[in-house]
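Below, each chain spelled out in residue letters.
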Amino acid sequence: MTDRIYLDWNATAPLREEARAAMLAALELSGNASSVHSHGREARALIESAREQVASALGARAQNVVFTSGGTEANNLALTPALQAGTERQPRDILLVSEIEHASVRSGGCFPADRVRTFGVDADGVVRLDDLEVALCGARADGFGRPLVSLMAANNETGVVQPVREAATIVHAAGGLLHVDAVQAFGRMPLSISDIAADLVTVSAHKIGGPQGAGALVVASDSLHIAAPLLTGGGQERGLRAGTENVAAIAGFGAAAAAVQARLAEECSHLLGLRERLEAGLRSTSGAVICGIKAQRVPNTVLFAHTGIKAETALIALDLDSVAVSSGSACSSGKVAPSHVLAAMGVAPELARGAIRVSFGYATTESDIDRFLRAWRKRLESLPTRHGIAA
Ligand code: PLP
């Protein structure tokens, strides 16, 4: 159906043409990238070219890009006590994560549950660096001197951009390492691994118009070593991720990363225009609260809440009007759980229950935004107590 409007790009973005073409070409190959014959070498060449493309988009060295099955796996690979920096062989002894991380970070990776602690955010959803410092001091006081900290670059629900560079300074001064989950920031803001000073960065293909089921963990320095990979067996991905590579998905990821790199400025300015249009439209309806409005946000995400609205009911009504949006995080779609992000920001549960996330991308048009606004107004008008709508 051509008239369906898709505004759930943070859940997954439509496949880019470049990614589709690269995948179709890769599917024509029959070699295993570990084989020495020419078929194998062709597959290997595609993987290494994709590695260069992903590395280049992030300002990293290709040899430090480890392909995984996605952001979730990359986060789990990174969050391990077995991270060795330089000649240090002692395990990382504690993991500190912000309260607004994705479930794949909050679950703590390979750290035991009693070695995972959190630090908070303010009412705009920006991480509190003073709280991070307190958490690091507390860990040290409890005898944990080799922390690993995980802080996302941009939040998947609110789009709020986090002060990762400042966090890196604090973490490094405390003898720690910083992992950054950049899944929602990649392709939506300039992102260079050296600028943010992270030690490890997670990215995912399907949020930037690559295929689902591919991602990468990017390591900042050759001297950082993961001594206990999640998957062991063959020596693929420099021994960090055993198993025959998904060549087509990796090729699609590389092509999407190259497209993002080539068009970032142009796409971001288009997204910003759409966000302004959407927010102006929302402001003309009384009672809409835009979450994180005072903070810096990626340009493609608007999370807003409305009293008197139940998000799940609104989503169904909007879907019947052929408009697809999401309520808070869609990674666990199907489950209606209160948003841990809004709870961490101190948003009242009655308001949080009505939170709707609209997320869009380069292919979204002004008319898509207008269609959403019309459907939204219709929804408000159908409520028992009519909410004020400006003309
Ligand atoms: N991290 C963040 C911030 C996300 O939003 C998501 C997915 O929505 C993930 C990690 C997981 O990525 P993947 O779907 O590639 O496993």
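A few points on the structure. Residue indices follow the written sequence of each chain, beginning from 1 at its first position. Residues qualify for local features only when their pLDDT is at least 70, as the model is predicted, and side-chain atom pairs are given and counted only at 80 or more; totals for whole chains, interfaces and linings, by contrast, use all residues. Only heavy atoms go into the side-chain values, all of them from the structure, while hydrogens and water stay out.

Brief notes about the overall build of the protein chain
Each helix is a run of DSSP H or I of at least 4 residues and each strand a run of E of at least 2, with the numbering of both proceeding from the N terminus. When its secondary structure is counted, the protein chain shows 12 helices and 14 strands. Each radius of gyration reported is based on C-alpha atoms, and the globular scaling rule is 2.2 Å times the count of residues to the power 0.38. A globule of 391 residues ought to have a C-alpha radius of gyration of about 21 Å, and the protein chain, at 21 Å, matches this closely. Taking all 391 residues of the protein chain together, 55% fall into the buried category. By definition, residues are in contact when any of their heavy atoms lie within 4.5 Å. Long-range contacts, defined as pairs at least 24 residues apart, comprise 72% of the intrachain contacts of the protein chain with a sequence gap of at least 6. If you sum the accessible surface of the protein chain, you get close to 16,100 Å²; carbon and sulfur atoms cover 54% of it. Working definition: with a 1.4 Å probe on protein chains only, accessible area under 20% of the residue-type maximum means buried, over 50% means exposed, and in between means partly exposed. All accessible-area figures derive from a Shrake-Rupley calculation using a 1.4 Å probe, and residue coverage is judged against the displayed protein chains alone.

Notes on the packing of aromatic side chains
Here is the rule: rings of Phe, Tyr and Trp (six-membered ring for Trp) pair when centre to centre is within 6.5 Å. Planes less than 30 degrees apart are stacked, more than 60 are edge-to-face, and the remainder are tilted. With the rule as written, the count across this model stands at 5 aromatic pairs. When the centroid spacing of 5.5 Å and the interplanar angle of 85° are considered together, the rings of Trp 9 and Tyr 362 count as edge-to-face. Of the two residues, Trp 9 is situated in the loop between strand E1 (5–6) and helix H1 (17–27) and Tyr 362 in the loop between strand E14 (356–359) and helix H12 (366–381); the sequence distance between them amounts to 353 residues. Tyr 362 gets classed as partly exposed once you look at its relative accessible area, which sits at 29%. Arranged with centres 6.0 Å apart and planes meeting at 65°, the rings of Phe 67 and Phe 253 form a pair that is edge-to-face. With Phe 67 in strand E2 (residues 65–68) and Phe 253 in helix H8 (residues 247–283), this residue pair connects regions lying 186 residues apart in the sequence. What makes Phe 253 buried here is its relative accessible area of 0%.

Points about the side chain of Thr 301
Among the structural elements, Thr 301 can be located in strand E12 (residues 301–306). Under the relative-accessibility criterion, Thr 301 is labelled buried at 0%. A polar side-chain atom of Thr 301 sits 3.0 Å from a polar atom in the side chain of Asn 10. Engagement of the side chain of Thr 301 in a polar contact is seen with the side chain of Asn 300, the distance being 2.7 Å. Not counting chain neighbours up to four residues away, the residues in contact with Thr 301 comprise Asn 10, Asn 156, Glu 157, Thr 158, Gly 159, Arg 275, Arg 357, Val 358, Ser 359 and Phe 360. In protein, a polar contact requires one atom able to donate a hydrogen and another able to accept it; more generally it is a pair of N or O atoms within 3.5 Å, and residues adjacent in sequence count only if both atoms are side-chain atoms.

Some points on the sheet that holds strand E4 (residues 94–98)
Remark on secondary structure: sheet strands pair via backbone hydrogen bonds, oriented parallel or antiparallel. The criterion for strand pairing is that DSSP finds at least two bridges linking the strands in question. Pairing is mixed across the open sheet formed by 7 strands, whose spatial order is E2-E9-E8-E7-E6-E4-E5. With one partner strand each, in any of the chains shown, E2 and strand E5 (116–119) form the two edges of the open sheet. For this sheet, the mean inter-axis angle between neighbouring strands, taken without regard to orientation, is 20°. Where strand E8 (residues 200–204) and strand E9 (residues 215–219) come together, 5 bridges link them in antiparallel fashion. Of the residues in E9, the one forming a bridge with Val 203 is Ala 216. Only the contacting stretch of a helix is used when fitting its axis, a line to C-alpha atoms as for every element, and angles between N-to-C directions run 0 to 180 degrees. The strands touched by helix H2 (residues 38–58) are E2, E8 and E9; relative to E2, the strand with the most contacts, the crossing angle is about 115°.

Looking at H8
Between its first and last C-alpha, H8 extends only 46 Å over 37 residues, short of the 54 Å set by a 1.5 Å rise per residue. To get the bend at any residue, fit one axis to the seven residues that end at it and another to the seven that begin at it, then take the angle between the two axes. The largest bend along H8 measures about 70° and falls at Arg 263. Take the number of residues in a helix, subtract one, and multiply by 1.5 Å to get its expected span.

Brief notes about the nonpolar core
Working definition of a nonpolar core: buried Ala, Val, Leu, Ile, Met, Phe, Trp, Tyr and Cys residues. They are joined through side-chain atoms within 4.5 Å. In terms of nonpolar packing, the biggest core is built from 76 residues, with Phe 67, Val 180, Phe 186, Val 201 and Phe 253 touching the most fellow members. Ranked by residue count, the leading element in this core is H8, at 11 residues. Those residues in contact with Phe 253 that lie beyond four places of it in its chain are Val 54, Phe 67, Phe 186, Val 203, Ser 204, Ala 205, Ile 208, Pro 211, Ala 214, Gly 215 and Ala 216.

Digging into unusual backbone geometry
At Ala 197, a position not held by glycine, the phi torsion is positive, near 60°. Summarising the element assignment, Ala 197 is placed in the loop between helix H7 (193–196) and E8. According to the relative accessible area criterion, Ala 197 is partly exposed, its value standing at 22%. At Arg 238, a residue that is not glycine, the phi angle is positive and equals roughly 50°. Within the secondary structure, Arg 238 is located in the loop between strand E10 (224–226) and H8.

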